[in-house]
Amino acid sequence: MTLPVSTDAPPPGTAILNACDGSDASLWALDRAMTEAEAHRLPLHVLAVVNPSPTGYPPGMADLVQESVQRLTASMSDGLRRAVDTVQAARPRPYAGQLTLHVVLGNVVDVLLQAANGRHTLVLGTRGNGGFARLLLGSVSTAAVHHAGCPVLVVPAPAEDA
C-alpha cells in the first residue's frame, strides 16, 4: 500500500514529530520515532521540508520555476515513502501505529520549529561536521534543541556506524 503524502503541515495535537530528509541519520531517527510513538501510543507525523529557494528568486522568477518546485515536491514525497519502507523493512516488527507523511515547502528550520509546537517529542538525526563544528550537531538539530516548543530527541548514529 502506498502511503499518501500531504503537502500541508502536520495537524496540531499531541504526537511524535519526526524530521526526515532521507539521509542515514534521518532513517535512524525515524526508526526511533516509531519506537517512541509505539511506547507512548501516539500518532507519528513524519515531516520533510523542501526549500525550493534557499537564496530567493529575482522578481518574476517564481512563476517560471513552479514546475520545478512541483517536481521537487513529488521527488521528496517519493523519497519519504521509500524512507518509511526502508525503516519498516529493517524493524523486527513493523510499526503499526497511526502514521502520516508531510512534505512542506519553506525554510527547513522555520517549518520544523513551527510544526514542533505542542508536540510530545520532536525526533531527528544529527550529522557530524568534524572538529568543533556545532558540537557535532547539524544546523537543523542545533536550532531544534535551542528553539523547539517541545522536547527534542536527537538520535546519534548507531555505535557500529559512528
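Presented here is a report on the structure given in the accompanying data block. Not measured: the values here are computed from a predicted model.

**Quick word on helix α1 (residues 24–40)**
For an α-helix the count is 3.6 residues per turn, leaving residues at separations of three or four pointing the same way.
Next up, step 1: Across its 17 residues, α1 extends 25 Å between first and last C-alpha, which sits within 8% of the 24 Å expected from 1.5 Å per residue.
Next up, step 2: Of the positions making up α1, those classed as buried are Ala25, Ser26, Leu27, Ala29, Leu30, Ala33, Met34, Glu36 and Ala37.
Next up, step 3: One or two positions beyond α1, positive phi appears at arginine 41, with a value near 55 degrees.

**So, the packing of helix α3 (residues 108–116) against helix α4 (residues 139–147)**
Helix-helix packing is characterised by the crossing angle of the two axes and by the distance between the axes.
Next up, step 1: Contact geometry of α3 with α4 gives a least axis separation of 10 Å together with a crossing angle of 35 degrees. For the crossing formed where α3 meets α4, the hand is right-handed. Together, Val108, Val109, Leu112 and Leu113 of α3 and Val140, Ala143, Ala144 and His147 of α4 make up the contact between the two elements.
Next up, step 2: Of the residues assigned to the contact of α3 with α4, the class counts are seven nonpolar, one polar and no charged.

**Some remarks on α3**
Next up, step 1: Within α3 the residues assigned to the buried category are Val111, Leu112, Leu113, Ala115 and Ala116.
Next up, step 2: Looking at the buried positions of α3, the neighbouring elements they touch are β2 (16–19), β3 (44–50), β4 (99–105), β5 (121–125) and α4.
Next up, step 3: With a side-chain oxygen lying 3.0 Å from the backbone nitrogen of valine 109, the N-terminal cap of α3 falls on asparagine 107.
Next up, step 4: Backbone geometry just downstream of α3 places glycine 118 in the positive-phi region, at approximately 80 degrees.

**Section: unusual backbone geometry**
Next up, step 1: At arginine 41, a position not held by glycine, the phi torsion is positive, near 55 degrees.
Next up, step 2: Turning to its location among the elements, arginine 41 is positioned in the loop between α1 and β3.

**Let's talk about the nonpolar core**
Next up, step 1: One finds Leu44, Val46, Leu99 and Leu101 to be the most contacted residues of the largest nonpolar core, which totals 25 residues.
Next up, step 2: Of all elements in the fold, only α1, β3, α2 (66–90) and β4 reach the threshold of two or more residues within this core.
Next up, step 3: In this structure valine 46 touches Asn18, Cys20, Leu30, Leu80, Leu99, Thr100, Leu101 and His102, once residues within four positions along its chain are discounted.
Next up, step 4: Listed in part, the 15 residues of the second largest apolar core include Leu113, Ala116, Leu124 and Ala148.

Conventions adopted
- Residue positions are given per chain, counting from 1 as you read along its sequence in written order.
- Owing to the predicted nature of the model, reporting of local features is limited to residues with pLDDT of at least 70; listing and counting of side-chain atom pairs is limited to 80 or more, with chain, interface and lining totals taken over all residues.
- To obtain the side-chain values, all non-hydrogen atoms of the structure were included, while hydrogens and water were left out.
- To qualify as a helix, a DSSP run of H or I must reach at least 4 residues; to qualify as a strand, a run of E must reach at least 2; elements of each kind are numbered from the N terminus.
- Expected helix span is given by 1.5 Å per residue-to-residue step, counting one fewer step than there are residues.
- Only protein chains enter the calculation, and the probe is 1.4 Å; a residue is then buried if its accessible area is under 20% of its type maximum, exposed if over 50%, and partly exposed in between.
- Convention adopted: a line fitted to C-alpha atoms gives each axis, helices being fitted over their contacting stretch, and angles between N-to-C directions are expressed from 0 to 180 degrees.
- For any pair of crossing helices, the crossing counts as left-handed if the nearer helix is rotated counterclockwise from the farther one by less than a right angle, and right-handed if it is rotated clockwise.
- Note on contacts: a residue pair qualifies if any of its non-hydrogen atoms lie within 4.5 Å across the two residues.
- Three residue categories are used. Nonpolar comprises Ala, Val, Leu, Ile, Met, Phe, Trp, Tyr, Cys and Pro, charged comprises Asp, Glu, Lys and Arg, and polar comprises the others, including Gly.
- Two N or O atoms count as a polar contact when they lie within 3.5 Å, although within protein this holds only if one can serve as hydrogen donor and the other as acceptor, and sequence-adjacent residues are included solely when both atoms are side-chain atoms.
- Throughout, nonpolar core names a set of buried Ala, Val, Leu, Ile, Met, Phe, Trp, Tyr and Cys residues whose side chains join them through atoms within 4.5 Å.

Everything listed here is a matter of coordinates, which is why it stays silent on function.
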